[in-house]
Amino acid sequence: MSLRLLILGFVFAFLYGPILWIVVFSFNEGRLVTLWSGFSTKWYGELMRNDRLVDAAGLSLVIAAVSATLATVLGALSGFALARLGKFKGRLLFAGALGAVLTLPEVILGLAQLLAFVALDDLPGWPGRGAATIVAAHATLGMAYVALVVQARLADFDRSLEEAALDLGATPAMVFATVTLPLILPALGGGWLISFMISLDDVVLASFVSGPGATTLPMVVFSSARLGLNPQINALATLMVGVGAIAVLSAVWLLGRKQEHAR
Amino acid sequence: MNGLVRRLLVAVPALWLLVFFGLPFAFILKVALSQAVVAQPPFTPLFQDGAFQGSLANFALLVEDDLYFDAILASLRLAVTSTVACLLLGYPMAWAIAGTAKRWRAPLLALVALPFATSFLIRVYAWIGLLRPTGLVNEALQYLGLIDGPLALMPSDFAVALGMTYTYLPFMVLPIYASLEKIDPAYAFAAADLGARPGRVFWSITLPLSLPGVLAGSLFVFVPSVGEFVVPELLGGPGTPMIGKVIWQEFFNNRDWPLASALAVVLLILLAYPISRAQRAEATTARGLS
């Protein structure tokens, strides 16, 4: 037993040590991020006054919310098609494309999408490169995750519930609204949160497909991290770790709840 | 469900994937066959005056110039290093979790996955603070008197491998745990009854039965590591030319879109087999963990 505890302790220290470092030094008084010189929350104040960061954060939140919503709709349709339509024409290609979105290096996906957007620029009514193209790129990535979650949820779903409702005279639309939808709602909520977090964290896709006008929060953080350490980034990171932890714990809770329902 | 609804259900997401996933790959192939020019967009058209203008010149350049071959080798080497490091940390971790009381397993797994779901960028940034010459690791080692001057921990290949190991470790732990958890304890009991020592039980029963998880985890770490960009950019130096970074530089710094596209095509071919294996493993792992 003690060997197991030793391993657990070591690996958790490795996983959480660096995150702990960020949080602790975000409250450091001095500019030197590596030397402790007293407790202070001044970097959080500076963060709020940094217009570039605040603007980027606002844009990122909007992009994340819109792309996550799109991803949830598209992913739900995909997951439904894969779980319920049986063998349809092009199923293998469809499932393969969704799987590939999940596993391809982001550098390839970003470059490919940018080239398509450049070609589509000439289409009348096509929005130029910027927030809209970032939303499209993030929604594509997010829908693959949502499809995975929704498909898994529908796979271990008791279909006799739907059949019972049909037997009792409900129309298919009523069955969907009153039986199917409530049962997959946790999966949709969890999928939305996953997509939201992915969008809020992505620097590679956004850098490729955005125009000169749109700079997201990860793009600002990345260019700042390239120049080295910055206590403001520590403060921002602490906030992001907090928000991320809350989002993930809610997603786990939402996805975990379905299991109790299923029983 | 009637036919029209069924068709719409597939058509909407399929059309989206066609425009934002299928079409982009057609364009990457097209641009890889063209040449860089100073224009908007910065590449030559594939057809001009009805004649096909494409060539394999970019691919020829990739073969001729050692820089690109070295980048591919460096990417493979660092991806294998991170995969092995993840295995050495992740297997014992999965084994340790699988051996705890049942009520502890779900919370422990959630704790493993939790950092993975917080910002990737931030977790890489943290290592800059730990590894740089005046960073926490060097300060601590000097304070303990183990070293006289700061070690050059970053930028280096070591820092890149460490950064990738750190960020992808949960990908290794989860599938190995899923395969360890599935093993019927009766096998181990039977072996022990027949006189096998704990070490022997592990080598002849537990380890072989957990190999599918080891393979899945290795693929989940290896595939994203090969094409990684953020980690080598932040923790590596000019001496760490991983292929993801070279694609980025050709595109953004040199504005050579055709060469960047050709490199992306090469990386795609290189990863096609591991990706297809990873997709199969993905489905199995998702079933195992749910």
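Below, the structure is looked at part by part. (Residues numbered from 1 in each chain as written. Chains lettered and ligands numbered in written order. Predicted model: local features only at pLDDT ≥ 70, side-chain atom pairs only at ≥ 80, totals over all residues.)

This part takes up the overall build of chain A. The helix and strand tally for chain A stands at eleven helices and zero strands. Secondary structure of chain A in N-to-C order comes out as α-α-α-α-α-α-α-α-α-α-α. With respect to the three principal axes, the spread of C-alpha positions in chain A is 70 × 65 × 30 Å. Counting across all 263 residues of chain A, residues that qualify as buried make up 48%. Contacts spanning at least 24 positions in sequence make up 82% of the contacts within chain A whose residues lie at least 6 apart. (Helix = DSSP H or I, 4+ residues; strand = E, 2+ residues; numbered from the N terminus. Buried ≥ 20, exposed ≤ 12 C-beta atoms within 10 Å, placed from the backbone. Contact = placed C-beta atoms within 7 Å.)

A separate point is the overall build of chain B. Helix and strand content of chain B: twelve helices and two strands. In sequence order, the secondary structure elements of chain B are arranged as α-β-β-α-α-α-α-α-α-α-α-α-α-α. The C-alpha radius of gyration computed for chain B amounts to 24 Å, which surpasses the reference 19 Å derived for 290 residues by more than 25%, pointing to a less compact arrangement than a globule. Within chain B, buried positions represent 44% of all 290 residues. Nonlocal contacts in chain B, meaning residues at least 24 apart in sequence, comprise 72% of its contacts between residues at least 6 apart. (Rg over C-alpha atoms; globule rule 2.2 N^0.38 Å.)

Residue and element names in this part refer to chain A. Burial analysis of helix α10 (residues 217–226) places seven of its ten residues in the buried class, the great majority of the element. Considered for burial, the residues of α10 that qualify are L217, P218, M219, V220, V221, F222 and A225. Downstream of α10 by one or two residues, G228 has phi in the positive range, about 120°.

Attention now moves to the interface of chain A and chain B. The interface is formed by 61 residues belonging to chain A together with 69 residues belonging to chain B. Only α1 (2–25), α3 (51–84), α4 (91–103), α5 (106–120), α6 (131–155), α8 (172–201), α10 and α11 (231–262) of chain A provide two or more residues apiece to the side of chain A that touches chain B. Examining the composition of the side of chain A that touches chain B, we find that twelve residues originate from one element, α1(A), more than from any other. Partitioning the side of chain A that touches chain B into residue classes produces 51 nonpolar, seven polar and three charged. (Nonpolar A, V, L, I, M, F, W, Y, C, P; charged D, E, K, R; others polar.)

Following both chains from N to C, one finds α3(A) and helix α1 (residues 3–32) of chain B inclined at 125°, their axes separated by 8 Å at the closest point. Between α3(A) and α1(B), the crossing angle belongs to the class labelled oblique. Judged by the sense of rotation from one axis to the other, the crossing of α3(A) with α1(B) is left-handed. Side by side, α3(A) and α1(B) meet where L74(A), L77(A), S78(A), F80(A) and A81(A) of the first sit next to L9(B), V10(B), V12(B), P13(B) and W16(B) of the second. Residue classes in the contact of α3(A) with α1(B) are distributed as nine nonpolar, one polar and no charged. (Axes fitted to C-alpha atoms, helices over the stretch in contact; angles between N-to-C directions. Parallel < 35°, antiparallel > 145°, perpendicular 65-115°, else oblique. Left-handed = near helix turned anticlockwise from the far one by under 90°.)

Core analysis: the biggest nonpolar cluster contains 168 residues, and L111(A) and L263(B) have the highest contact counts within it. If sequence neighbours within four positions are ignored, L111(A) has contacts with F208(A), I28(B), I247(B), F251(B), A260(B), S261(B) and A264(B). (Core = buried A, V, L, I, M, F, W, Y, C linked by C-beta atoms within 7 Å.)

Below, the discussion takes up unusual backbone geometry. Residues and elements named next belong to chain B. With phi around 50°, R255 is a residue other than glycine that occupies positive phi space. Assignment of secondary structure puts R255 in the loop between α11 (243–252) and α12 (257–289). For R255, a count of 13 C-beta atoms within 10 Å puts it in the partly exposed group.

Bringing the environment of P186(A) into the picture now. For P186(A), the location among the structural elements is in helix α8. Distance from P186(A) to G79(A), taken between C-alpha atoms, is 14 Å for residues 107 residues apart in sequence.

So, on to the environment of G213(B). By secondary structure assignment, the location of G213(B) is in helix α9 (residues 198–226). The spatial distance from the C-alpha of G213(B) to the C-alpha of Y166(B) is 19 Å, given a sequence separation of 47 residues.

A pair of packed helices is captured by two measures, namely the crossing angle of their axes and the spacing between those axes. Running from N to C, α10(A) and helix α5 (residues 120–131) of chain B point in directions that differ by 15°, and their axes come no closer than 11 Å. Our classification of the angle between α10(A) and α5(B) gives roughly parallel. Crossing hand, α10(A) versus α5(B): left-handed. Only L121(B), Y125(B) and I128(B) of α5(B) make contact with α10(A), whose side of the interface consists of P218(A), V221(A), F222(A) and A225(A).

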